[in-house]
Number of protein chains: 4
Amino acid sequence: MSKKLRIGVIGAGRIGKLHSANLVNRVPNAEVVAISDVYEPAAKAQAELLGIANYYSDYHKILEDPTIDAVFICSSTDTHSPISIEAAKAGKHIFCEKPIDHDLDKIRPVLEEVKKAGVRYQVGFNRRFDRNFKHVHDVVANGGIGDVHIVKVTSRDPEPPSLDYVKVSGGIFVDMTIHDFDMVRYLSGSEVTEVSAVGTCLVNPAIAEAGDVDTCIITLKFENGAIGVIDNSRQAVYGYDQRIEVFGSKGCITADNETANNTTYYTADGVSKEKPLWFFLERYNEAFITEETAFVEACLNGTETVVGAFDGLQPVLIAIAAKESCEKGGVPVKVMK
Amino acid sequence: MSKKLRIGVIGAGRIGKLHSANLVNRVPNAEVVAISDVYEPAAKAQAELLGIANYYSDYHKILEDPTIDAVFICSSTDTHSPISIEAAKAGKHIFCEKPIDHDLDKIRPVLEEVKKAGVRYQVGFNRRFDRNFKHVHDVVANGGIGDVHIVKVTSRDPEPPSLDYVKVSGGIFVDMTIHDFDMVRYLSGSEVTEVSAVGTCLVNPAIAEAGDVDTCIITLKFENGAIGVIDNSRQAVYGYDQRIEVFGSKGCITADNETANNTTYYTADGVSKEKPLWFFLERYNEAFITEETAFVEACLNGTETVVGAFDGLQPVLIAIAAKESCEKGGVPVKVMK
Amino acid sequence: MSKKLRIGVIGAGRIGKLHSANLVNRVPNAEVVAISDVYEPAAKAQAELLGIANYYSDYHKILEDPTIDAVFICSSTDTHSPISIEAAKAGKHIFCEKPIDHDLDKIRPVLEEVKKAGVRYQVGFNRRFDRNFKHVHDVVANGGIGDVHIVKVTSRDPEPPSLDYVKVSGGIFVDMTIHDFDMVRYLSGSEVTEVSAVGTCLVNPAIAEAGDVDTCIITLKFENGAIGVIDNSRQAVYGYDQRIEVFGSKGCITADNETANNTTYYTADGVSKEKPLWFFLERYNEAFITEETAFVEACLNGTETVVGAFDGLQPVLIAIAAKESCEKGGVPVKVMK
Amino acid sequence: MSKKLRIGVIGAGRIGKLHSANLVNRVPNAEVVAISDVYEPAAKAQAELLGIANYYSDYHKILEDPTIDAVFICSSTDTHSPISIEAAKAGKHIFCEKPIDHDLDKIRPVLEEVKKAGVRYQVGFNRRFDRNFKHVHDVVANGGIGDVHIVKVTSRDPEPPSLDYVKVSGGIFVDMTIHDFDMVRYLSGSEVTEVSAVGTCLVNPAIAEAGDVDTCIITLKFENGAIGVIDNSRQAVYGYDQRIEVFGSKGCITADNETANNTTYYTADGVSKEKPLWFFLERYNEAFITEETAFVEACLNGTETVVGAFDGLQPVLIAIAAKESCEKGGVPVKVMK
């Protein structure tokens, strides 16, 4: 394999643009050699902006290029699983945006194909690469708080997505909480066995009309005996609220929000600090670069990715259980194995 | 009525000592004229320490004294309701430690008798008088965060009580979480309609053998549409962990733990801050004085107490529902009206 | 000596009212038996408010009362030294408000007389009893930061005193900074040998017309080799700004302002915390009680006071040097021994 | 001019490596086409690492290359001024590491030549580009604290440089405090007119033997009437301590240290936070990239640099006055114009 990882990016929407720009500008050992989008002008614009040699409307051109080592799947969610399978068959390493799919019958074949092909597979759970959350994980994993008793995640978006998006999103649990389901697995070092979810619509009644909730609390039980809780809102008017806490037999560790600066401002009106960074592009800016770098290095060095295909499946299983629990008014639901 | 409120304290155990000492030393308009305890030497010792004129083994002596305006009921939990009823019939204002009782059939007659007698009644939910929690309440009540969406309470003791105590405590929900049930009512300004509780035993297996849990998460639904969550542990090795958060349509407000001082200490080994104050006597020291003062002033001025008999009943109803939910593995249970 | 310390309070102005009320309500082993004020109605009013048995216009009545153990001198500054001398001769323990005097020729005889009489003497440097500052002192004294290298004090009032007061105050260094001069001695554990002061008038030009400055920075050299800096302003619009820092060979420790509560409030407009407590009555409320208790206990137990007569002299010597330096545009001036 | 700025980097030591790597990897519109170092293997190694086309031992090769638009002068301090003059004459835009020189007779000709040549000139005062300090500056410049009264800078290195370095450094004021002198000008928006400096040797006696101090406090007077203070130490064992504060008629704003993450860790032993980032490479990592980007954009767009040649001269003038004051035991010394 070449010293640099030769990459094709599939999809030139918001997240495809983000990944391709980072790969070009910020990840030393990455070389983006092609980008595709069903809407070719988008692929072309990004290729020209970043100096990427090739652009296509058909991603198969990328899969067929024998000089390409790896792909970033940044296309629409419904295409994640089929492209994953095709890419694995083509022997490409795969970075796939979350979720792999909402449908278990589409995810499980991906796991099989990836295993068969022996390629690297990484799911885009970028928060694992946030410096604060990673430090919490490391302290917990090193026994710094003893046995894990309680895991808490606060996760609130600054504003709800468009109603059009809500309608096709698969619902808050599979669309938004899925990141938190991954986070609790990461922090606890254990699998979720059962969940109960309470959800309601307090932000925008139209979200209820679309069959979804915008505010929810999910209680979790873990295989290792710990319990946990996640609270979500689609609208925190003060910005993206992303905090975690792990409590155990020997202590507790918390991570706070990130802000644009750490100044404190005192006036006759009060004392003020900066608000949390507005949304995921700001908050997880560095985390995206770190996850991309980690994927590139795993491919180049032949090591395991931090977030594999199995890690892509589990949060979907939890989300399915949470959705069922919420629809049944909060009764506990076991997570499928 | 005399300018100072003439008080008899019933019970000279830990909490009776605390209240009598504060009333004598810190509450200007209180005058403790008698103290009783079934173990008379305890009453005598406290009377001598504080210069209280009379001490008895039989609390009826206090109820029969026509010069006494009010009583503090600090005896064992099982005596709270009968003494409350007797005191009300004797026309005394009543400060009663929490809980009034575990048994609804014993609490409801107290409410009736208090109403009939027209005396002031205050339940010892001291946390409402904590300066931090009160400020959060006030901001929420004044609309500072808009409509309430999510209420969160973290409440962890520094160490579990003795097993003997656990066995007669009525269980964690009615013994420990009851303060948190009061807090969520206070913060949300609304009644809890349904709860689901997940509990486990991670601190000490003997607590499980005694039929109780030591670690739990309780999800709550409120009449006003908000949802909430409480997490409890019987053992936070770093001290009494008491934090709250209320999130709403226009913002969020949080209160943190209190510490012995606000210094920051930097060495080659790290940067350290003080731990949370160890337990409730330290953390709620000022809150106890404030609640006592509030009671005394309410009696002297003929105004309503901040925490009345009804407020003593509601948390017990929630605790009963939580216990049932926990025993059924977390199924949602409606709170009785 | 009686179990309780029998005290006469001389002066019923702002600080005399504060001390007498605290001694009556908050200091267990104190018994205030008399209060005097040149304006007798003030003494009478306070005596009636607190139930003090005797009030006088002439403080000699207090000195002549053989049942009185100790006096609190809370009268105007010019009377501190003569009353101190008379009280010492009368064999009373003495708590004297700061400063003992502005004039060295009046302070030195006080030290002599106190020594001769063998009475306890405590100067009202209340900040030493602030829980935060005391903790910093203790850590430094216990070697927690190694050798002291730099001592920093930020000390800013919320608003300037009246011009009438400024004119008779003796100037900012002897009136305001004197507390900070005591603080740097307390924190460093060493004497100040030389100072240079830069002062200017930025808050109110009328203060300059009165011959004083309202904003200043004072650099200090200590006997133990450390250096230090104090900055003062007569007007911090956000409240009383009182912070300290001690830096040394093994670390650094800082203490921050105190606030009414520790809540954090997040809205679309920003994140806000409480302002510092407004002024010394709020900030040092508990410190006053602690200093009074310490004095009472020192008298009753025959132990040394934490802040003796010598500690009353030293800050005045530093203030005199600072004033001279400031008038000479900042040239270094040695502190008299 | 080409769309990308074609740059030659002069010097491949620590700071030359830093700048060249950032320019290649992190500054989009920069193109490093050559690097030189008197020790050619250093230039060669860096060229190969980063894929820079040309490397030389003689920097004149860079100045003679007509395709090069700008140079980064990262060679030893004594060469800054002559190379600046040569580069200006060659029509190159210039980024020069601080200080331009210690000798005014060498700095002033640089200013003249730069003016004559009409090239952009930026001095490497990277701290102006720190997100926290820049925010403080912006709030002050926008009137957020009213008139500036007091400027405070805490600036302490984690460990002293080698004695060999100390001996040729020009002394602490011109080597270390020079950054702080730039900072107070930046924050106050005004020129320093007079300084008095107190310095001592508390970290390492060998520094005193080398004729320098390692701990100092510098008081400053500004043209606009404000006053200020800087404290320095060559050794803060807990890491790089870089904090600022600006206090004025309408408020105060402070900036704190940066840490590796924002977690809080609670155990039975205490509550701990992360230490400040270790040294300038960690703390000002992003600030370096921001300053490089700002220089590149100023050159490409023909706009003024944020820190010009005049800004390179002023801190040296202040440092010279501070050194004189310190040597004279702290007498105030006027800053040359």
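Structure: see above.
Nothing here was measured: the structure is a model prediction, and the numbers come from that model.

Remarks on the overall build of chain A
Looking only at helices and strands, chain A has 13 helices and 15 strands in total. At 20 Å, chain A has a C-alpha radius of gyration in line with the 20 Å of a compact globule built from 337 residues. When its C-alpha atoms are laid out on the principal axes, chain A stretches across 55 × 55 × 45 Å. Here the analysis covers contacts within chain A between residues at least 6 apart in sequence; of these, 72% occur between residues at least 24 apart. Surface exposure of chain A reaches about 12300 Å², of which carbon and sulfur atoms provide 51%. Charge-centre separation for chain A: the mean point of 35 positive side chains lies 3 Å from the mean point of 47 negative side chains.

Digging into the relation of the copies chain B and chain A
Copies of the same chain, two in number, are related to each other by a rotation about an axis and a translation along it. Overlaying chain B on chain A yields an RMSD of 0.1 Å, the required transformation being a rotation through 180° with an accompanying axial translation of 0.0 Å. Taken together, the rotation angle and the small translation identify this as a two-fold axis. Ranked by how close their C-alpha atoms come to the rotation axis, the residues of chain B are headed by Val 331 of chain B, at 2.4 Å.

Thoughts on the relation of the copies chain D and chain C
Under the fitted operation, chain D is carried onto chain C by 0.0 Å of movement along the axis and a turn of 180°, and the coordinates agree to an RMSD of 0.0 Å. Same-surface contact between copies: 100% of interface residues of chain D are shared with the interface of chain C.

Things to note about the pairing of strand 13 (residues 264–267) of chain B
Relative to strand 14 (residues 270–273) of chain B, strand 13 of chain B runs antiparallel, the two being bridged by four bridges. Directly across from Tyr 265 of chain B, in strand 14 of chain B, lies its bridge partner Ser 272 of chain B.

Some remarks on the environment of Val 246 of chain D
Residue and element names in this part refer to chain D. With respect to the helices and strands, the residue Val 246 is situated in strand 11 (residues 241–248). For the pair Val 246 and Val 140, spaced 106 residues apart in the sequence, the C-alpha separation amounts to 7.7 Å. Residue contacts for Val 246: discarding those within four places in its chain leaves Val 136, Val 140, Ile 145, Val 148, Ile 150, Val 151, Leu 187, Gly 251, Cys 252 and Ile 253.

Let's talk about the sheet that holds strand 3 (residues 54–56) of chain B
All names here are of chain B. Pairing is parallel in the open sheet, where six strands are placed in the order 3-2-1-4-5-6. The open sheet has two free edges, formed respectively by strand 3 and strand 6 (121–123), since each of these has just one partner strand. Going from strand to strand, the sheet's axes swing by 20° on average, the running direction of each strand aside. When strand 4 (residues 70–73) meets strand 5 (residues 93–96), the two strands line up parallel, connected through four bridges. In the sheet register, Phe 72 faces strand 5, and the bridge partner there is Phe 95.

Details of the interface of chain D and chain C
Reports of interface size often rely on the accessible area that becomes lost once the parts have come together. Taken together, the contact pairs 38 residues of chain D with 39 residues of chain C. Counting the surface lost from both chain D and chain C, the interface buries some 2900 Å², and carbon and sulfur atoms represent 66% of this. Taken together, the links from chain D to chain C amount to six salt bridges. Across the pair Lys 152 of chain C and Asp 231 of chain D runs a salt bridge whose closest N-O atoms are separated by 2.6 Å. Inspection of the chain D/chain C interface yields ten residue pairs in polar contact (both at pLDDT 80 or more). Elements with a minimum of two residues in the side of chain D that touches chain C: strand 7 (148–156), strand 8 (192–200), strand 9 (215–222), strand 10 (227–233), strand 11 and strand 12 (251–255) of chain D. Take the side of chain D that touches chain C: its biggest share by element is six residues, from strand 10 of chain D. A breakdown of the residues in the side of chain D that touches chain C according to their chemical character gives 16 nonpolar, 14 polar and eight charged.

With respect to the interface of chain B and chain A
Taken together, the contact pairs 39 residues of chain B with 39 residues of chain A. Summing both partners gives a buried area of about 2900 Å² for chain B against chain A, and 66% of it is carried by carbon and sulfur. Across the chain B-chain A interface, the total number found is six salt bridges. Arg 243 of chain B is the salt-bridge partner of Glu 245 of chain A, the closest N and O atoms lying 2.8 Å from each other. For the pair chain B and chain A, the number of links is ten residue pairs in polar contact (both at pLDDT 80 or more). Among the elements that make up the side of chain B that touches chain A, the one with the highest residue count is strand 10 (residues 227–233) of chain B (six residues). Residue composition of the side of chain B that touches chain A, grouped by class: 16 nonpolar, 15 polar and eight charged.

Thoughts on unusual backbone geometry
Put simply, Lys 98 of chain A and Pro 99 of chain A share a cis peptide bond, and its omega is -15°. With respect to the helices and strands, the residue Pro 99 of chain A is situated in the loop between strand 5 (93–96) and helix 5 (104–117).

A look at the sheet that holds strand 6 (residues 121–123) of chain A
Consider a sheet: its strands pair through backbone hydrogen bonds, and that pairing is either parallel or antiparallel. Residues and elements named next belong to chain A. One open sheet accounts for six strands, arranged 3-2-1-4-5-6; its pairing is parallel. Each edge of the open sheet is held by one strand with a lone partner, namely strand 3 (54–56) and strand 6. In this sheet, neighbouring strand axes are inclined to one another by 20° on average, regardless of whether the strands run parallel or antiparallel. Of the strand pairs in this sheet, strand 1 (residues 5–10) and strand 4 (residues 70–73) are connected by four bridges, and their pairing is parallel. If you follow Ile 7 over to strand 4, its bridge partner there is Ala 70. Where helix 4 (residues 77–89) meets the sheet, it contacts strand 1, strand 4, strand 5 and strand 6, and its direction lies at approximately 165° from that of strand 5.

What counts and how
- Residues numbered from 1 in each chain as written.
- Chains lettered and ligands numbered in written order.
- Predicted model: local features only at pLDDT ≥ 70, side-chain atom pairs only at ≥ 80, totals over all residues.
- Heavy atoms only, no water.
- Helix = DSSP H or I, 4+ residues; strand = E, 2+ residues; numbered from the N terminus.
- Rg over C-alpha atoms; globule rule 2.2 N^0.38 Å.
- Contact = heavy atoms within 4.5 Å.
- Areas by Shrake-Rupley, 256 points an atom, 1.4 Å probe, with all protein chains shown as cover.
- Lys, Arg positive; Asp, Glu negative; His and termini not counted.
- Charge placed at Lys NZ, Arg CZ, Asp CG, Glu CD.
- Least-squares fit on C-alpha atoms with pLDDT ≥ 70 in both.
- Pairing = 2+ DSSP bridges.
- Axes fitted to C-alpha atoms, helices over the stretch in contact; angles between N-to-C directions.
- Buried area = accessible area lost by both parts, 1.4 Å probe.
- Salt bridge = Lys/Arg side-chain N within 4 Å of Asp/Glu carboxyl O.
- Polar contact = N/O pair within 3.5 Å; in protein donor to acceptor, adjacent residues only side chain to side chain.
- Nonpolar A, V, L, I, M, F, W, Y, C, P; charged D, E, K, R; others polar.

As far as function goes, none of this settles anything; it's purely spatial.
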